[in-house]
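Commentary on secondary and tertiary structure
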Amino acid sequence: MASVIQIILNGLVLGGVFLIVAIGLNIIYGLNRVMNLAHGSLYALGAYFGYTLVTGKVLLFGLDFEFGGLNFFLALILAPALVGLVGWVLERVLIEPMRDRPMIYTLILTYGLMFLIDGLIKANWGDTPHYIIPPEFLQKPVYIGDFSYPAYRFALLVGVAVVMGLLMTLLNRTRMGINMRAAADIPEMVSALGVNLKAVRVGAFVLGCVMAGIAGFLVGPLYPILPIMGHDMLISSFVVIVIGGLGSLRGVIVAALLVGFVQALAEAVITNFAMVIVYMLMAVILVFKPYGILGEGKFE
Amino acid sequence: MEPIISTKDLMRTFGGVTALNLVSLDIYDKQLRSIIGPNGAGKTTLINVITGKLGASGGEVFYRGQPITNYSVHKRVRMGICRTFQINSIFMGLTVYENIRIATQLHLGGSGRVFARRTSLKKVNQEAESIVDRLNLNEVAYQSVENLAYGDQRLVEVGIALACDPKVLLLDEPTAGMSPKETRHIARLIQELAKEVAVVLVEHDVELVMTISDRLTVLHQGGIIAEGPPQEISNNCDVKDAYLGSTKWAPLLETD
Amino acid sequence: MSNRTNQAPGSLLRRWSGAHPLSLGGFVLVVAGMVVLPLVVTNPFYQNLWTRILIFGLLAMSLDVLLGFTGLLSFMHNSYLGLAAYAAGLFTINVNPESLWLAMLVGVVFTMIIAWPVGWLQVRTGGLAFALLTMAFGMMYYTVAWKWHDVTGGDDGLVAAIEHGLPKVAEEGMVPYLDINLGPWNLGNTSDPVHVYYLVLFIVVVAFILTHRMVNSPLGAVLEAIRENEERASFVGINVRRFKLIGWLVACGLAGLAGTLWMFLERNIAPDTMHAFEGAEVLMMVLLGGMGSLWGPFLGAGIFILLKDCLSSATEHWEIYVGLVVIFLVLFLPKGVAGLSSMLRRKPSENK
């Protein structure tokens, strides 16, 4: 049985990952008005691209070669960038053309996209689990008195903090970020000021995908990388968004931590039905508190 | 005479904003009451709270003396409180006839008939046809409303409210976006209706409001600043203060 | 002026059914074709395939009632097929291996018992939230079916439960065959694929006719109003929640019916059938065939299942094709095949 501290730390780790994924999803919903059901698959892509980059084994529909593998931290930057590239293509080809159609169609579209990406992942990398090996210095456990905890997990928490810091800088200090925030609230005003709304939308979608990719890569060294890893993450990130309330940053943080802890607890105590508890929480919130736990969001 | 709708110290807040502030008014049967005021005065919010689309943060709403403050929208509609929206809210994918028909069906009954055919509800269908006729929409009756001209769509909006057999009809800017000819048509219709039921009209068209209303209620920043017959209101200083500088209300100021 | 469907004299049959002569004739033709089918298709594998088409057609049609007529999207409507199949199967194994009709009743009732409170919760929301809730509950059902292997047999389905020594073990270790009895007459047995086919065909045709009547009834008009504009629907006096629940229950009931038929056909049910992926397949069938047409989903089921059979060599990477087809449909053919046909049939004066 895991100790209490372990559960708390695990909860933080899970919460951190959920936070990044959920924010990505939130950004896409806020600016592209799309509930991106393929988000989990993009998260998985982050892990798979990471695997390919780190191990150097490229197996891409015919291309089959090895290139020695990249430094872990280099891959940490490249893998999400690649996912962002995929996101860019998706936005231009699929999302933007669907902008004027009722939301239900785009919802079904991203649902199909999810299967497409999952299928491509399975076809390319196969069903067998893959692993990303973290750098040497992070492979050892960290000792605090009697208690030990994997170093990588601590590093992940640091990574999450860095990502959030970068994100806040982007949204508050850069032109693009400020435009994004304004466009989320008052698009007409923003476009009247001469800002290229289309560029903002593309940027938002790509940013959201990059977030998913980062999370996927960070999780790579923690668990075996499997084609269905996106599914559970998708559901969990929806739960986080629903609980936190769409559009509420503070809400998402609270919710991510909450869901992270619940899942860590459930995994330690009732392994089999861990996810059921998460689903039930989501259902309850959806029905009884549609504005999220802090009441700041807006769910339509 | 007992008011058909009355509100008592009605309040509605959104976060920190007070949209309705201690609004108390009485609406009487067979009377045309117009609610006017600058943008943001709370006119639509008032309609929303009276019809049940929004809840009240304080105060009460009464229908024929009965407190209905917590009643659901559909329950109020069943009682006879019907409305139109500022932005058309109709059944886009259905025909004009079907739009009206569903309202008459709900009013006259029959929704529980699971295996009957719609054509078997004779009274419902006849009633729908007569309303379509009254609105002069016969030519487009079987066309999908999404293909209609905006003015006709507005008529359908009014038609749906009519089909609910209202005792109180609340119209939120019905003439918005209409041509003068269409406006006259609607105005005539509204006046006719005011002889049969209580009509509450929210409008920006000053001339229209002055011409057809029995009484005016003026809202400003969520509160009532004046109430009375049109002539009185046009002479009212508070009202003029509220609209100082507003060209739309210039005619109002000129009648001094 | 009289309502359009009352106009023009017509045969007694047409006036009774209220259907356009072309569609009534088409319907009769198709049913006749389906009746004759087993005489032409003698390979039991394909007889099974066509029976599956009918069953999934029924499931897809039930989703159409929910989506095409009431306007509510469900990502995992197959859950309710699964629930009924499990209930019917467990009933047959543990309680009564004799009565087919009882098993059918138990399956449908069980599904409704679950669907009612879940639906009650779900109709408090709409649109996206509703769809997400169906996913949440669907995954809950799936997880239970998968993890509660003592009762459900886990991964391999009821077959495994049987192996683990539950009371009535039948031949071949599957759910027992059942006699198809109508009163004192024995019409057949589920061991014969042709008998099963006709049983399914009969039930599906009756279900279709009843559902068709329902969506064209005053109740159907209410559901359509909710689909078109929920807010306005409440503003004409419709208790939107109550009627959404009615639409939901009808859809789940029909799905449950399909589930019991599935049990008679396959004599096993595994959690796979209740997974999100299969839920997407059903949605695809509705899209492919055409939302809101009621018959379109059958066409969609047929095309989908036959296509899957043809491309069986590619089944390994099936997700890719499902994904591509869904994307294609949403982008270019949102109204499905039925949409194509109604576009062709529409007279010029009605076009925009």
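For clarity, every value in this text was computed on a predicted model and none was experimentally measured.

1. Comments concerning the interface of chain B and chain C
- With 38 residues of chain B at the contact, the number on the chain C side is 38 residues.
- By the criterion of area lost to chain C, the three top residues of chain B are Phe91, Arg117 and Arg118 of chain B, representing 20% of everything that side buries.
- For the pair chain B and chain C, the number of links is 3 salt bridges.
- Across the pair glutamate 231 of chain C and lysine 53 of chain B runs a salt bridge whose closest N-O atoms are separated by 2.5 Å.
- Connecting chain B to chain C are 17 residue pairs in polar contact (both at pLDDT 80 or more).
- Contributing elements (two or more residues each) for the side of chain B that touches chain C: α2 (73–79), β6 (81–84), α3 (96–108) and α5 (150–163) of chain B.
- If you tally residues by element for the side of chain B that touches chain C, the top one is α3 of chain B, at 6 residues.
- A class-by-class count of the residues in the side of chain B that touches chain C yields 18 nonpolar, 11 polar and 9 charged.

2. Brief notes about the sheet that holds strand β1 (residues 5–14) of chain B
All names here are of chain B.
- Here 4 strands make up an open sheet; going across it, the order is β2-β1-β4-β5 and the pairing antiparallel. With one partner strand each, in any of the chains shown, β2 (17–27) and β5 (66–67) form the two edges of the open sheet.
- Two strands pair when backbone bridges link them, and β1 and strand β4 (residues 58–63) are joined in this way by 5 bridges, in the antiparallel orientation. Looking at the pairing, isoleucine 5 lines up with tyrosine 63 of β4.
- Packed onto the sheet, helix α1 (residues 43–51) meets β1, β2 and β4 and runs at close to 115° relative to β1.

3. Concerning the sheet that holds strand β7 (residues 168–172) of chain B
Residues and elements named next belong to chain B.
- In spatial order, the strands read β6-β7-β8-β3-β9-β10; together these 6 strands make up an open sheet with mixed pairing. Strands at the two margins of the open sheet, each flanked by one partner only, are β6 and β10 (223–228). For this sheet, the mean angle separating the axes of adjacent strands, direction not counted, is 20°.
- Bridge count for β7 against strand β8 (residues 198–202) is 5 bridges, and the pairing is parallel. Residue pairing in the sheet places valine 168 in a bridge with alanine 198 of β8.
- Each of β6 and β7 is contacted by α5, which is oriented at about 175° to β6, the strand it contacts most.
- With respect to the sheet, helix α6 (residues 180–194) is in contact with β3 (32–36), β7 and β8, its orientation differing from that of β8 by roughly 145°.

4. Section: the interface of chain C and chain A
- Counting from both sides, the interface comprises 37 residues of chain C and, opposite them, 37 residues of chain A.
- Carbon and sulfur atoms supply 84% of the area that chain C and chain A bury against each other, a total of about 3500 Å² over both sides.
- At the boundary of chain C and chain A, one finds 0 salt bridges.
- Those elements giving two or more residues to the side of chain C that touches chain A turn out to be α6 (127–147), α13 (276–289) and α15 (318–332) of chain C.
- The leading source of residues in the side of chain C that touches chain A is α6 of chain C, at 12 residues.
- A per-class count over the side of chain C that touches chain A returns 27 nonpolar, 6 polar and 4 charged.

5. Focus: the environment of threonine 211 of chain C
- Inspection of the secondary structure assignment puts threonine 211 of chain C in helix α9 (residues 193–215).
- Look at threonine 211 of chain C and you get buried, because its relative accessible area is 5%.

6. Structural notes on the environment of phenylalanine 137 of chain C
- As for its position among the elements, phenylalanine 137 of chain C is in helix α6.
- For the pair phenylalanine 137 of chain C and serine 79 of chain C, spaced 58 residues apart in sequence, the C-alpha to C-alpha distance is 8.7 Å.
- Setting aside residues no more than four positions away along its own chain, phenylalanine 137 of chain C makes contact with Ala283 of chain A together with Val118, Leu121 and Gln122 of chain C.

Reading the values: the criteria
Residues numbered from 1 in each chain as written. Chains lettered and ligands numbered in written order. Predicted model: local features only at pLDDT ≥ 70, side-chain atom pairs only at ≥ 80, totals over all residues. Heavy atoms only, no water. Contact = heavy atoms within 4.5 Å. Buried area = accessible area lost by both parts, 1.4 Å probe. Salt bridge = Lys/Arg side-chain N within 4 Å of Asp/Glu carboxyl O. Polar contact = N/O pair within 3.5 Å; in protein donor to acceptor, adjacent residues only side chain to side chain. Helix = DSSP H or I, 4+ residues; strand = E, 2+ residues; numbered from the N terminus. Nonpolar A, V, L, I, M, F, W, Y, C, P; charged D, E, K, R; others polar. Pairing = 2+ DSSP bridges. Axes fitted to C-alpha atoms, helices over the stretch in contact; angles between N-to-C directions. Buried < 20%, exposed > 50% of the residue type's maximum accessible area, 1.4 Å probe, protein only.

Fair warning: the whole summary comes from geometry, so function is off the table for now.
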